[in-house]
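This is what each chain is made of:
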Amino acid sequence: MLLKGAQLLRCGLAPAHRNLNLRLTCRFLSVQYGDAQILTPAVKQYVEKCVDLCQPERVHICDGTEGESKLLQGIMLKKGTIIPLPKYQNCWLARTNPADVARVEGKTFISTDSKEQTVPVTEKATPGMLGNWMAEGDLQVAIKERFPGCMKGRTMYVIPFSMGPVGSPLSKIGIEITDSPYVVESMKIMTRAGNPVLKYLQSGDGQFVKCLHSVGTPKSGVQAMPSWPCDPERTIVLHKPAENEIVSYGSGYGGNSLLGKKCLALRIGSTIAKREGWLAEHMLILGITNPQGKKIYIAAAFPSACGKTNLAMMTPTLPGYKVECVGDDIAWMKFDKKGVLRAINPENGFFGVAPGTSRATNPIAMDTIFQNSVFTNVASTSDGGVYWEGMEKDQLKGVTVTDWLGKLWSQESGKPAAHPNSRFCTPASQCPIIDPAWEDSEGVPISAILFGGRRPSGVPLVYEARDWKHGVFIGAAMRSEATAAAEFKGKVIMHDPFAMRPFFGYNFGDYLGHWLSMEQRGQVPKIFHVNWFRKSSEGKFLWPGFGENSRVLDWIFRRVEGEQCFEDSPIGRLPSKESLNLESLKENIDLDQLFELPKDFWQQEVDAIERYFEEQVGHHLPGAVAEELRKLKARVADM
Ligand code: GTP
Ligand code: SPV
Ligand code: MN
């Protein structure tokens, strides 16, 4: 519903708050859409503060309706921010400024009173790789240098959103202020957004996380690409855990701008979780039913672009197995009164990597994403569809491809048609295998936790931790090849503990202590490490991956059930001979290479972990984790 003229003056004029609201009425003179009346006083105050700072032309309070989406799509079409994809139902393609294509980890900061609250402080950590701290004064300067007047001439959107089902005791509310209609439409897919959230705020405790976002205006005032305004040179993503506040400037992309995701659900979320005694993790959640009809739930932490979405939606090749999806990126996990670890997916959609997604690798995703979805930086086709690396088989004869930069593309160019970090943004409810319990407010019980990454050599397909402490060590020692999800170049092996390196909201040493303490809070799940990405000496993957990963899940399932199908090794428990079910597997698998533990590799690995802990974590490293490293080192020496 569009409000205009005199109607605007009626915004929130409840008699009891007449004075406050008169003032508000003045500031809200330009509310051009939505119902300011249902904003709580605290939300109004926050919006006012942002209006004063950013000086937008008008304010739009998002109601979350389809009518609103139509309106915003119209605005974006006119500006060229999105183009329609008539081959599908209600799908759109956005092409970003090529300088704004991924998260910016180096420009992401957390501000606390002391540096140690945010990051381990050691003599040797130059530079620190476990997050960036900023002093309060510097944060204020950063805001002052960027935000005053940054929304001049633009509409300020106010997005009320809930991470988790609205009203669930595990959910958290946020208010995102943004000047990007693309962000509004994406947040409406990725979170529960709109009026129901405002109504809930009125009835609940009224608490919300403040999330201010602007795509910014370059100092010169000239936008390189008016359809995708941004300010890459001055992009910054700031967090203040003590105030439950996020401030992000300069980028419209993914985790930089959809502030409910990495900023709220992981960085701020992990600090709330620490305080309240639970875990906020970069993990998928899946349900798996075995041929006997027994179902368990598994959570898995892999770094960005390392296979969470694919595992969460996998189609098992092992007969009799069924996988259902609860979430593909984030898990909030808490012990219930009976001591069972329960997880919810705080998100409402999937912001998934497009390249590599195909009928062969992830048919479930392909059945999910071609309605009501926004694609970003994929290639487009002359018949009104999308295209990316992996979709070669779907391409029709005579159809031309335009790459993510808007140029006519051909295979021979040698360049990728879609950006490697191009994404689909799609409602979770459309997933044909969405778990019946995916919105249960008490969450699903977790029986196993998986850690994993891209390890081209040395690391076996799967191994199991001996116990919880060993499992926490395995999480702490995680490493993986860099991907296009952030600004890193090349394929260097990076430390990425718990797949949380870019997302820790507080000191990693304290985070480890918090994980260790879980053993005292309830029944802890079994922990495993998996690696789908080991390569042969010829550079070929040794394991077919995707649906075949069900064979690994089968072994994990049987371990959860207590089957003695393992043998000890220096690094943990490996599947015992012939216990990994390879029945009717089409490819020939070189199991010896896949599970080989080269002594020199593991000696180097232990040295790298030791150096990392010493340099990056120092005296913050819990004794129990140091002890696990010492034990591994001794076992590797005896190999
Ligand atoms: P984020 O959304 O960035 O957190 O990524 P993600 O962890 O959800 O990764 P995703 O499942 O989107 O996979 C990223 C890339 O890895 C895609 O190109 C996939 O095709 C590829 N991939 C996923 N699973 C496998 C696997 O089992 N084997 C191989 N070889 N590649 C895989
Ligand atoms: C990731 O990088 O882990 C993502 C994509 O899930 S983004 O939302 O951009 O963080
Ligand atoms: Mn992710």
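On a predicted model such as this, the values are computed, not experimentally measured, just so you know. (Residues numbered from 1 in each chain as written. Chains lettered and ligands numbered in written order. Predicted model: local features only at pLDDT ≥ 70, side-chain atom pairs only at ≥ 80, totals over all residues. Heavy atoms only, no water.)

(A) Fine view of the sheet that holds strand β21 (residues 386-387). In spatial order, the strands read β21-β20-β22-β23; together these four strands make up an open sheet with antiparallel pairing. Sheet topology places β21 and β23 (408-409) at the edges, where each strand pairs with a single neighbour. Two elements, strand β20 (residues 379-381) and β21, share two bridges in a ladder whose sense is antiparallel. Bridge pairing links Ala-379 to Tyr-387 in β21. (Pairing = 2+ DSSP bridges. Helix = DSSP H or I, 4+ residues; strand = E, 2+ residues; numbered from the N terminus.)

(B) The arrangement of the site of ligand 2 in detail. Neighbouring residues of ligand 2: Arg-103, Gly-254, Gly-255, Lys-261, Lys-262, His-282, Ser-304, Asp-329, Phe-351, Arg-423, Ala-485 and Phe-503. At 2.9 Å, a side-chain N or O of Arg-103 approaches an oxygen atom of ligand 2. One of the side-chain nitrogen or oxygen atoms of Ser-304 is found 2.5 Å away from an oxygen atom of ligand 2. Expressed as a share of its isolated accessible area of 290 Å², the protein-covered part of ligand 2 is 98%. Contributing elements (two or more residues each) for the shell around ligand 2: α9 (254-257) and α10 (260-276). Per-class residue counts for the shell around ligand 2 are three nonpolar, four polar and five charged. (Near = heavy atom within 4 Å. Polar contact = N/O pair within 3.5 Å; in protein donor to acceptor, adjacent residues only side chain to side chain. Areas by Shrake-Rupley, 256 points an atom, 1.4 Å probe, with all protein chains shown as cover. Nonpolar A, V, L, I, M, F, W, Y, C, P; charged D, E, K, R; others polar.)

(C) Spotlight on the coordination of the manganese ion (ligand 3). Of the protein atoms, only Lys-262 (NZ), His-282 (NE2) and Asp-329 (OD) coordinate the manganese ion (ligand 3), at distances of 2.1 to 2.4 Å. In this structure, the manganese ion (ligand 3) is surrounded by six donor atoms whose angles at the metal cover 65 to 174°, and the resulting shape is octahedral. Taken in chain order, the donor set of the manganese ion (ligand 3) reads K-x19-H-x46-D. Of this pair, His-282 sits in the loop between β12 (279-281) and β13 (284-289) while Asp-329 sits in the loop between β15 (322-327) and β16 (331-335); the two residues are 47 residues apart in sequence, bridging distant segments of the chain. (Donors = N, O, S within 2.8 Å, 3.2 Å for Na, K, Ca; no water. Tetrahedral: all angles 85-135°; square planar, octahedral: opposite > 155°, others 65-115°.)

(D) Quick look at the site of ligand 1. With respect to spatial proximity, 22 residues lie near ligand 1, and among them Ala-305, Lys-308, Thr-309, Asn-310 and Arg-423 are the closest. For ligand 1, an oxygen atom lies 3.3 Å from a polar atom in the backbone of Cys-306. Side-chain polar atom of Lys-308 to an oxygen atom of ligand 1: 2.7 Å apart, as the coordinates give it. Burial of ligand 1 by the protein chains amounts to 92% of its free accessible area of 660 Å².

(E) Geometry of the sheet that holds strand β4 (residues 92-94). In space, the five strands of this open sheet follow the order β3-β4-β19-β24-β18, with mixed pairing throughout. The two strands at the open ends of the sheet, each matched to only one other strand, are β3 (82-84) and β18 (349-353). Each neighbouring strand pair of the sheet contributes to a mean axis angle of 20°, computed without reference to strand direction. Where β4 meets strand β19 (residues 374-376), three bridges bridge the pair, whose relative direction is parallel. For Leu-93, the partnering residue across the bridge sits in β19 and is Phe-375. In this fold helix α7 (residues 181-190) packs onto β4, β18, β19 and β24 (423-427), with an angle of close to 55° to the strand it touches most, β24. (Axes fitted to C-alpha atoms, helices over the stretch in contact; angles between N-to-C directions. Contact = heavy atoms within 4.5 Å.)

(F) Region of the structure containing unusual backbone geometry. Phi at Asn-372 takes a positive value of approximately 50°, unusual for a residue other than glycine. Mapped onto the secondary structure, Asn-372 falls in the loop between α12 (363-368) and β19. In this structure, Phe-498 takes a positive phi of about 55° despite not being glycine. Counting through the fold element by element, Phe-498 comes out in the loop between β28 (493-495) and α14 (508-521).

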